[in-house]
Amino acid sequence: MAAKKPPETSNVSKDELLHFYREMLLIRRFEEKAGQLYGMGLIGGFCHLYIGQEAVVVGLEAAAKEGDKRITSYRDHGHMLACGMDPKGVMAELTGRAGGYSRGKGGSMHMFSKEKHFYGGHGIVAAQVPLGAGLAFADKYLGNDNVTFTYFGDGAANQGQVYETYNMAELWNLPVVFVIENNQYAMGTSMKRATRSRTLWERGAAYGIKGEAVDGMDVLAVKAAGEKAVAICRAGEGPYILEMMTYRYRGHSMSDPAKYRTREEVQKMRDEKDAIEHVRELLLQGGLATDEDLKVIDRDIKAVVNESAEFAKQSPEPDLSDLWTDVYA
């Protein structure tokens, strides 16, 4: 039997692959810890985990530059970590503590970081899409070459305000990349039951917007598509649509038992398409890292996540006077 051919890594450096591995692992371990804290009653309200979809944000952040903006829905912890927000501040916000990014008032679904150009975290389905176009409009007005990544899901893709936004974005050539994170299920409804469209990105053709479908479980494919999209936007030829074909391993939220799909379906995705395992295989089979090297990274990531959880637990709850702050602009 012939030896298995090493995976193709000529178009990516060892340092890049290790960075992708570390960033995706940070998101996954962080989300696992968030799930634990939710089960312990330390996180209240809603909590939507990003486990399984890590390659989307990590790949697109690799195509971004300083000044680029990002805005998303309520499944947002992965986006925060990928753009460089401090895990301690994110976890403290999840637990409603004063040390959180929104001083404990935003929780899982509504936190922001002006420093990292992260504009939420929005709880109303698809509401972030026109806001993302607005951020892109501001950059065009200012005359810079910044791009806004506007993330939304396959369920949100059926909302009318998405198409109103498409129309304006194309009319004004806005530098916005519309990122459809198609994880196959809008809450508990399979995309197959929600639309007759073969794809979601092709709907942009009605407005003259180009786009493509991307393997959202392959961080290298995501990065390549992201680089193409941002180049189009920076050249003044935007917008652009990227439909990321991805998959979430957990329920829609922590309160969702996910009985609308089989365990076998989820396990098959984990076994055959897991984004982190894909990069791990590239590193090991390409001779770029050893199993021990990756174990060290895993230990380091677990330490960072545990530190964030301890920071959150030790951070005080907001003062009651904060109930009256930032209510109106």
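Look a little higher up for the structure.
Residues numbered from 1 in each chain as written. Predicted model: local features only at pLDDT ≥ 70, side-chain atom pairs only at ≥ 80, totals over all residues. Heavy atoms only, no water.

Novice: Talk me through the state of the cysteines; I want residue IDs and the actual numbers.
Specialist: For the coordinates displayed, the defined rule picks out zero disulfides. Free of any disulfide, Cys 83 has its nearest neighbouring cysteine sulfur in Cys 47, separated by 18 Å. With no disulfide of its own, Cys 233 lies closest to Cys 83 among cysteine sulfurs, the gap being 18 Å. Residue classification places Cys 233 among the buried residues on the basis of a relative accessible area of 4%. (Disulfide = S-S within 2.5 Å. Buried < 20%, exposed > 50% of the residue type's maximum accessible area, 1.4 Å probe, protein only.)

Novice: Give a detailed account of empty space enclosed by the protein, specifying residues and quantitative values.
Specialist: All chains considered together, the criterion is met by one cavity of 30 Å³ or more. When its volume is computed, the largest cavity comes out at roughly 40 Å³. As for the largest cavity, its lining consists of Asp 154, Gly 155, Asn 158, Ala 186, Thr 189, Ser 190, Met 191, Ala 194, Thr 195 and Leu 200. Those elements giving two or more residues to the lining of the largest cavity turn out to be strand 5 (189-190) and helix 7 (191-194). (1 Å grid on protein atoms, 1.4 Å probe; cavity = no way out; pocket = protein on both sides within 12 Å on 5 of 7 lines; lining within 4 Å. Points joined across faces, edges and corners; volume = space filled by probe spheres on them. Helix = DSSP H or I, 4+ residues; strand = E, 2+ residues; numbered from the N terminus.)

Novice: Please give an account of helix 6 (residues 160-171) that cites residues and values.
Specialist: In an α-helix there are 3.6 residues to a turn, and that puts residues three or four apart on one side. Its twelve residues give helix 6 an end-to-end C-alpha distance of 17 Å, which sits within 8% of 16 Å, the value for a rise of 1.5 Å per residue. Residues Val 162, Tyr 163, Thr 165, Tyr 166 and Ala 169 constitute the buried set of helix 6. Burial along helix 6 is one-sided: seen end-on, the buried residues are contained in an arc of 155°. Those residues of helix 6 that are exposed and angled more than 90 degrees off the buried face are Glu 164 and Leu 171. (Expected span 1.5 Å × (residues − 1). Arc of directions from axis to C-beta.)

Novice: Let's hear about the packing of aromatic side chains: which residues, and what values?
Specialist: As enumerated under the stated definition, the model contains eight aromatic pairs in all. On the numbers, 5.9 Å between centres and 70° between planes, the contact of Tyr 166 with Tyr 207 is edge-to-face. Here the residue Tyr 166 occupies a position in helix 6, and Tyr 207 occupies one in the loop between helix 7 and strand 6 (210-215), the gap between them amounting to 41 residues. Looking at Tyr 207, the relative accessible area reads 27%, which means it is partly exposed. Connected via pairs of aromatic rings, a cluster forms that spans Tyr 163, Tyr 166, Phe 178 and Tyr 207. Note that Lys 88 overlies the ring of Phe 311, its terminal NZ or CZ placed 5.8 Å from the centroid. (Phe/Tyr/Trp six-rings, centres within 6.5 Å; stacked < 30°, edge-to-face > 60°. Lys NZ or Arg CZ within 6 Å of the ring centre and 35° of its normal.)

Novice: Describe in detail the nonpolar core, supporting the description with residues and values.
Specialist: Among the nonpolar cores identified, the biggest contains 66 residues, and Leu 60, Val 177 and Leu 242 are the most heavily contacted of them. Looking at this core element by element, the count peaks at ten residues for helix 1 (residues 14-39). Those residues within four positions of Val 177 in sequence are excluded, and the remaining contacts are Val 147, Thr 148, Phe 149, Thr 150, Ala 229, Val 230, Cys 233, Tyr 240 and Leu 242. One finds Val 129, Tyr 163, Tyr 166 and Met 191 within the second-largest nonpolar core, a separate group that totals 19 residues. (Core = buried A, V, L, I, M, F, W, Y, C linked by side-chain atoms within 4.5 Å. Contact = heavy atoms within 4.5 Å.)

Novice: Outline the layout of surface pockets, listing residues and values.
Specialist: When its volume is computed, the largest pocket comes out at roughly 310 Å³. Lining the largest pocket are 22 residues, and of these Ser 73, Tyr 74, Gly 153, Asp 154 and His 252 lie nearest its centre. Of all the secondary structure elements, the ones that give two or more residues to the lining of the largest pocket are strand 2 (148-153) and strand 4 (185-186). Looking at the lining of the largest pocket, the element that brings in the most residues is strand 2, giving three residues. Of the residues belonging to the lining of the largest pocket, the class tally is ten nonpolar, nine polar and three charged. Within this model, the second largest pocket holds a volume of roughly 220 Å³. Lining the second largest pocket are 15 residues; nearest its centre among them are Gln 184, Ser 190, Met 191, Lys 192 and Met 245. Mapped by element, the contributors of at least two residues to the lining of the second largest pocket are helix 7 and strand 7 (240-245). Partitioned by chemical class, the residues of the lining of the second largest pocket number five nonpolar, six polar and four charged. (Nonpolar A, V, L, I, M, F, W, Y, C, P; charged D, E, K, R; others polar.)

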